[in-house]
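# Fold and contact review
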Amino acid sequence: MDPSPPTTVGDSRAGDSRAGDNAAAGATSAGADGDQAATAARNKLVIGLLLVSAFVVILNETIMGVALPSLTRDLGITVTAGQWLTTGFMLTMAVVIPITGFLLQRFNTRPVFITAMSLFSLGTAISAVAPGFGVLLLGRVVQASGTAIMMPLLMTTVLTLVPPATRGRTMGNISIVISVAPAIGPTISGVILSVLEWRFMFILVLPIALAALALGAARVKNVTTPKKVPLDVTSVILSAFAFGGIVFGLSSIGEGAEAAVPAWVPLAVGVVALVAFVLRQRALQRRDRALLDLRTFRSRTFTISASVLGVGMIALFGTLIVLPIYLQNVHGLDPLATGLLLLPGGLVQGLLSPVVGRLFDRYGPTVLLVPGTTLVSAVLWFMSTVSESTPIPMVLAAHVALSIGLAFMFTPLFTSGLGSLPSNLYSHGSAIIGTVQQLAGAAGTAVFVTVMTLAATAAASQSGAGAAATGAGVRAAFLVGAIISVFAVVGSFFVRRPPVVEGAEPVVAH
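Figured I'd write up the structure that's included with this text. (Residues numbered from 1 in each chain as written. Predicted model: local features only at pLDDT ≥ 70, side-chain atom pairs only at ≥ 80, totals over all residues. Heavy atoms only, no water.)

## Overview of the overall build of the protein
A tally of helices and strands in the protein yields 16 helices and 0 strands. Expressed as a percentage of its 510 residues, the buried residues of the protein come to 53%. Restricting to contacts in the protein with at least 6 residues of sequence separation, those with at least 24 account for 84%. Here the protein has roughly 21,200 Å² of accessible surface; of this, 68% comes from carbon and sulfur atoms. (Helix = DSSP H or I, 4+ residues; strand = E, 2+ residues; numbered from the N terminus. Buried < 20%, exposed > 50% of the residue type's maximum accessible area, 1.4 Å probe, protein only. Contact = heavy atoms within 4.5 Å. Areas by Shrake-Rupley, 256 points an atom, 1.4 Å probe, with all protein chains shown as cover.)

This is the structure:
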């Protein structure tokens, strides 16, 4: 006899029901996995497009320095006027970036991206066909307006889409954009100018910008949730006078006696407007209406990270302005050779940034920041001893070491600082970081150039003008940079990894 119990109709129906439930559960699970895979692919595409676009626009911040001799000759302008092609770019960035916190809250990802790349492409086209200095300066200002929007958009999108546990890797890619693009800008412009006229710095970029705009318009999806926030016009005006005045004043210090107005005038206006701006933001943020929410500074990690980042940007931009002067005026290199000499450092920094991002995800910020800031400081101390007898290979090695140190700094600072904020402050934190970069970049240029000029003038009065006097000025500039860098070394010990909530997923708006 068969020992198994007889099968009843009810048992058969129950089995069918359980099988159906299992099949439905499997289908649901497969559907969920499919949705997650599609979302992950979409997010990767959006971030990739933003990274490429941001690299193209940020590259243009520093391309004009090497082109200055050609521009002064072709346009019949003075060197002081020509400097406005860079100063005006930085000034526009400083004015527009604080407003991006509002834009990223009020509007969706796709229209903000299209606006940014359209402005950049329009500015590039205007610059390419400019008949004179005035139109060229206008093109640079329009370019900068798009550039100013792009970087906070990229940072806010990454913070929204990427889980904290793997955020360092993506922030490493952002570090390539923020630090490497400005570093290799002079090299690229030097190569172009060695065979073509200055207009081709814009003609060659325009098709790339238009392609990024077309591809982004077709493929970038809305990944944030906009909300209706009012725009405080008074805050916009105060921020323009505050950040614009400070950047203008710092740039005027760098121009010295050739400045259009005494540096203290815009600096005083900027400081007064900044105080008024801060007071107004503190009043508005109680009602969540601040243009730039300063509650970000309640995070100790964000505050320290932003401060150390400022020191890093001072070192980067100060070196970018002074080192070419040293190589050309003391060692007699031409602009192309100077640009090529600076290229290895930029490439090393770019290659290291993603690696540093993965190391951050695994080990946290301290083991990266402490050696990074120490290396940057050590290189600046070494550069404060250079002279006309310092071998070129030694200078090249020092620049590569500086680039390695900066690579170990930027990714941990971006990731720790912005990651320590609550999600509702991501856009404000990104805007503040962008503003700090512009102010620190202008400060680095102003401090290094001013100290170099004063020291070189003093040395020339004693021993006569020449390579020795310029070398004395360069040493003094790097000495001041080395002293400032000590504060970054100290601050690096206090940056902490943001807490990671197990199983947390990025916030995604469909």
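Right, picking up where we left off after that structure.
## Re the pattern of salt bridges
Any two side chains of opposite charge can pair, given that their charged atoms come close. Applying the stated criterion across every chain, the model contains 2 salt bridges. One salt bridge connects Arg280 with Asp232, and the closest N-O pair in it is separated by 2.7 Å. Placement of the pair is Arg280 in helix 10 (residues 264–284) and Asp232 in the loop between helix 8 (205–219) and helix 9 (233–255), with a sequence separation of 48 residues. Given a relative accessible area of 10%, Asp232 falls into the buried group. Among the salt bridges present, the one from Arg295 reaches Asp293, with a minimum N-O distance of 2.6 Å. (Salt bridge = Lys/Arg side-chain N within 4 Å of Asp/Glu carboxyl O.)

## Overview of the packing of helix 15 (residues 426–463) against helix 16 (residues 467–492)
Across the interface, helix 15 lies against helix 16 with an axial gap of 7 Å and an inter-helix angle of 140°. Judged by the inter-axis angle, helix 15 sits oblique to helix 16. When the axes of helix 15 and helix 16 are compared, the crossing they make is right-handed. Note on element contacts: helix 16 touches helix 15 through Ala469, Thr470, Ala472, Gly473, Val474, Ala476, Ala477, Phe478, Val480 and Gly481, opposite Val447, Phe448, Val451, Met452, Ala455, Ala456, Ala459 and Ala460. (Axes fitted to C-alpha atoms, helices over the stretch in contact; angles between N-to-C directions. Parallel < 35°, antiparallel > 145°, perpendicular 65-115°, else oblique. Left-handed = near helix turned anticlockwise from the far one by under 90°.)

## What about the packing of aromatic side chains?
With the rule as written, the count across this model stands at 4 aromatic pairs. Between Phe297 and Phe302, the ring centres sit 5.6 Å apart and the planes meet at 65°, which makes this aromatic pair edge-to-face. On the basis of relative accessibility, which here comes to 0%, the residue Phe302 falls in the buried class. Arg106 extends its terminal NZ or CZ atom over the ring of Phe107, reaching a point 5.4 Å from the ring centre. The residue whose ring lies beneath Arg497 is Phe360, and the NZ or CZ to ring-centre distance is 5.5 Å. (Phe/Tyr/Trp six-rings, centres within 6.5 Å; stacked < 30°, edge-to-face > 60°. Lys NZ or Arg CZ within 6 Å of the ring centre and 35° of its normal.)

## A few points about helix 13 (residues 366–383)
When the terminal C-alpha atoms of helix 13 are compared, their 26 Å separation across 18 residues agrees well with the 26 Å that a helix rising 1.5 Å per residue should span. Within helix 13, burial applies to Leu368, Leu369, Val370, Gly372, Thr373, Val376, Ser377, Val379, Leu380 and Met383. (Expected span 1.5 Å × (residues − 1).)

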